[in-house]
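Structural description and commentary
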Amino acid sequence: MKKRLLSGLIGLMAAQPVLAMDLMGTYKKALSYDSGIAAAQASYEAQKAASDVSKSALLPQIGASADAKHTDIDGEIQDESYKSTSYGVQLTQPLFRADSWFSYDASKFQTESARAQYNLAQQQLILDVATAYFNVLRAQDTVTTARATEAAIQRQYEQAQERFDVGLIAITAVYEARASYDDSKSQRIAAENQLNVARERLARLTGEYPEGLENLQRTFPLDRPEPMDPSAWETTALAQNWSIQSSLYQLNASEANLKVAKAGHYPTVNLTASYGDTQIYGGSPQQFDGTQGVIGVELKVPLYTGGGTQAGVRQQRSLVNVAEQQLNTVRRDVRVNTRSLFLTVNNNIETASALAQTIISRRSALDATRAGYEVGTRNIVEVLDAERAYYVALRDYANARYDYVINSLQLKQAAGTLSPQDLVDLNNWLSETAPGIEALANEQKTLQDPTQ
C-alpha cells in the first residue's frame, strides 16, 4: 500500500441508466467520477510542487540585468551630458542558510503527509463504493421482504374476510388482519423509498444508475479475521494506518518548522558573483568602455528583529504540542476502532450463523401456525405475527452478511491494509444468478415441505 493506487481518467458524466454491474465495475466508474479522490490527488501533487519550491531556496540563484541612462549636468563648473549602458549577470549561492534547510525538511514531511492522505482517500473510496453497493442490495432485500410480508398478510386478510362472511370468525379478527395489512403496506412504501435513496448514494459515486447489481452467492464464506488476535490487528494498525502516518508526518513537519523559527537567530552566508559590461560616452572626460567581474562572500547576522523571532519560536512550540496531541488522539481512536471492528466482525459471523437457523425455525413455526389456524387452534393474530417474524428473519440474515462484508473492509482500512485486491476477491463471490431473499424463502419452504 506504500505505492499509489491506479485511478482512471477524471471526467464529469451525467447520471444515466446502464446495465447490471458488479462490484469492480462500480469501483472503476467511481475512480473516474468521484471528485473526492480527484481532489486528494491534486492536493498531493500541489504539495510535491511546494516541496520543490522550498528546495529552490538552497540552489543557485542566477539573474541578468541591463540598463541605459542619459545624464545631463548643468552647472557653473561642469556643463555636459552623456549616456551610459550596462549589462551583466549575477549569481548567488547560499552557503549557510539554516532556515532554508529546515523549511525544505518541513516541506518533505508535509509531502509525505499529503501522500498518506491520498492513500487514505483511495482506501476510503474503496470502502465507500462497497458500502454504497451493498446498501443498495440491502435495500433491495428489505423491499423484497416488505412486499412478501404485505402479500402474505393480504392473503390472510382476504381469508379472514371470507371466514367472517360465512360466520366462522368474529369481526375483530378481520379488523386485526386489516390493521396488519395497512401497516405492512406503509412499511413497503418506506422500504421502496429507502431503496431509491440508496441508489442515489451509489450514483453519487459513479454518476450512473445501474438497473441491477450482482449479489453475494449463497455459499459466500464468512471467514474469521486472520490473525485471530485483536492485539495483532492493533499492532498492524498502529504501524500502517494512513491516518496515523499522516499525523506523524505533520508532527515531524511542525518540529522542522520550530527549527526554522529558531534559525531566525542564526547568521546567513552567501557566495555572490557578478560579471558585466559598462559603456559611458558623450563627454570626453567621461568616456569609458570596459567589463567588471566581482566575486565575494556575504555574511549577515541578525541582531534585533523587534521580538518577532522569539514570538515565532513560542508559536511553533505551541503548534508542535498541538500536533503531538492530535497524533495521540488519532492513535487512540485507531486502537479502539480496530479492536471494536475485530469484535464486530466476529459478532457478525455468529449472528449470521444463528439467523440461518432462525430462518428454519421461523418457517417451521409459520407452517405449524397456519395448520393450527386451519383447524381452529390458532387465531389470525398469531398467523400474522408468524408471517412477519419469518420475513424479518430472512431480512436480518441478509443484513448480517452485508454487515460482515462492510465491517471486514473497515477492519482492513483501520489496519492500513485495504486495497483494490480486496474488492477483486469479494467480486469473485458475486453473481447475477445469486439467490436473493425470495429464492432463499422458497428454498427454505421446500426444505420444510419436500412434496413441493
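Not measured: the values here are computed from a predicted model.

What counts and how
- Residues numbered from 1 in each chain as written.
- Predicted model: local features only at pLDDT ≥ 70, side-chain atom pairs only at ≥ 80, totals over all residues.
- Heavy atoms only, no water.
- Helix = DSSP H or I, 4+ residues; strand = E, 2+ residues; numbered from the N terminus.
- Buried < 20%, exposed > 50% of the residue type's maximum accessible area, 1.4 Å probe, protein only.
- Contact = heavy atoms within 4.5 Å.
- Areas by Shrake-Rupley, 256 points an atom, 1.4 Å probe, with all protein chains shown as cover.
- Patch = residues over 30% accessible without salt bridge, like charges linked within 9 Å, V, L, I, M, F, W, Y side chains within 5 Å.
- Salt bridge = Lys/Arg side-chain N within 4 Å of Asp/Glu carboxyl O.
- Core = buried A, V, L, I, M, F, W, Y, C linked by side-chain atoms within 4.5 Å.
- Expected span 1.5 Å × (residues − 1).
- Polar contact = N/O pair within 3.5 Å; in protein donor to acceptor, adjacent residues only side chain to side chain.
- Axes fitted to C-alpha atoms, helices over the stretch in contact; angles between N-to-C directions.
- Parallel < 35°, antiparallel > 145°, perpendicular 65-115°, else oblique.
- Left-handed = near helix turned anticlockwise from the far one by under 90°.
- Nonpolar A, V, L, I, M, F, W, Y, C, P; charged D, E, K, R; others polar.

**Structural notes on the overall build of the protein chain**
Scanning the protein chain for helices and strands turns up 10 helices and eight strands. When the 452 residues of the protein chain are sorted by exposure, 40% land in the buried category. Taking contacts inside the protein chain between residues at least 6 apart in sequence as the whole, the part at least 24 apart equals 83%. By element, 52% of the accessible surface of the protein chain is carried by carbon and sulfur atoms, the whole surface being about 24,300 Å².

**Let's talk about a nonpolar patch on the surface**
Judged by side-chain polarity, Leu 95, Phe 96, Tyr 266 and Val 297 come together as a nonpolar surface patch covering roughly 390 Å² of accessible area. Within the fold, Val 297 resides in strand β7 (residues 288–300).

**Notes on unusual backbone geometry**
The residue after Glu 226, namely Pro 227, is reached through a cis peptide bond having omega 5 degrees. Of note, Pro 227 is situated in the loop between β5 (215–216) and α5 (230–240).

**Considering the pattern of salt bridges**
This structure, assessed with the given rule, holds 20 salt bridges. One salt bridge connects Asp 182 with Arg 178, and the closest N-O pair in it is separated by 3.1 Å. Taken together, the residues Asp 182 and Arg 178, both in helix α4 (residues 171–206) and four residues apart, mark about one turn of the helix. For the salt bridge of Arg 395 with Asp 396, the shortest nitrogen-to-oxygen distance reads 3.4 Å. We classify Arg 395 as partly exposed; its relative accessible area is 27%. Residue classification places Asp 396 among the partly exposed residues on the basis of a relative accessible area of 28%.

**Structural notes on the nonpolar core**
Leu 23, Tyr 27, Phe 134, Leu 216 and Leu 423 are the most contacted members of the largest nonpolar core, which totals 50 residues. Of the residues forming this core, the biggest block, 15 residues, is contributed by helix α3 (residues 98–165).

**Some details on the environment of Asn 428**
Here Asn 428 shows up in the loop between α9 (420–427) and β8 (430–431). For the pair Asn 428 and Phe 220, spaced 208 residues apart in the sequence, the C-alpha separation amounts to 9.6 Å.

**Regarding helix α2 (residues 35–56)**
For α2, built from 22 residues, the straight-helix expectation of 32 Å at 1.5 Å per residue is met to within 8% by its first-to-last C-alpha distance of 32 Å. Inspection of α2 places Ile 37, Ala 38, Ala 40, Gln 41, Tyr 44, Gln 47, Ser 51 and Ser 54 among the buried residues, and these make up the whole buried set. Structurally, α2 contributes buried residues whose contacts are with α1 (23–33) and α3. Two to three positions downstream of the cap, the backbone nitrogen of Gly 36 sits 3.2 Å from a side-chain oxygen, assigning the N-cap of α2 to Asp 34.

**Things to note about the packing of helix α7 (residues 308–375) against helix α8 (residues 380–415)**
With their axes 7 Å apart at the nearest point, α7 and α8 run at an angle of 160 degrees to one another. By the angle between their directions, the pair α7 and α8 is classed as roughly antiparallel. Like other packed secondary-structure pairs, α7 and α8 cross with a definite hand, here left-handed. Broken down by class, the residue content of the contact of α7 with α8 amounts to 23 nonpolar, 10 polar and seven charged.

These results come straight from atomic positions and should not be treated as a statement about function.
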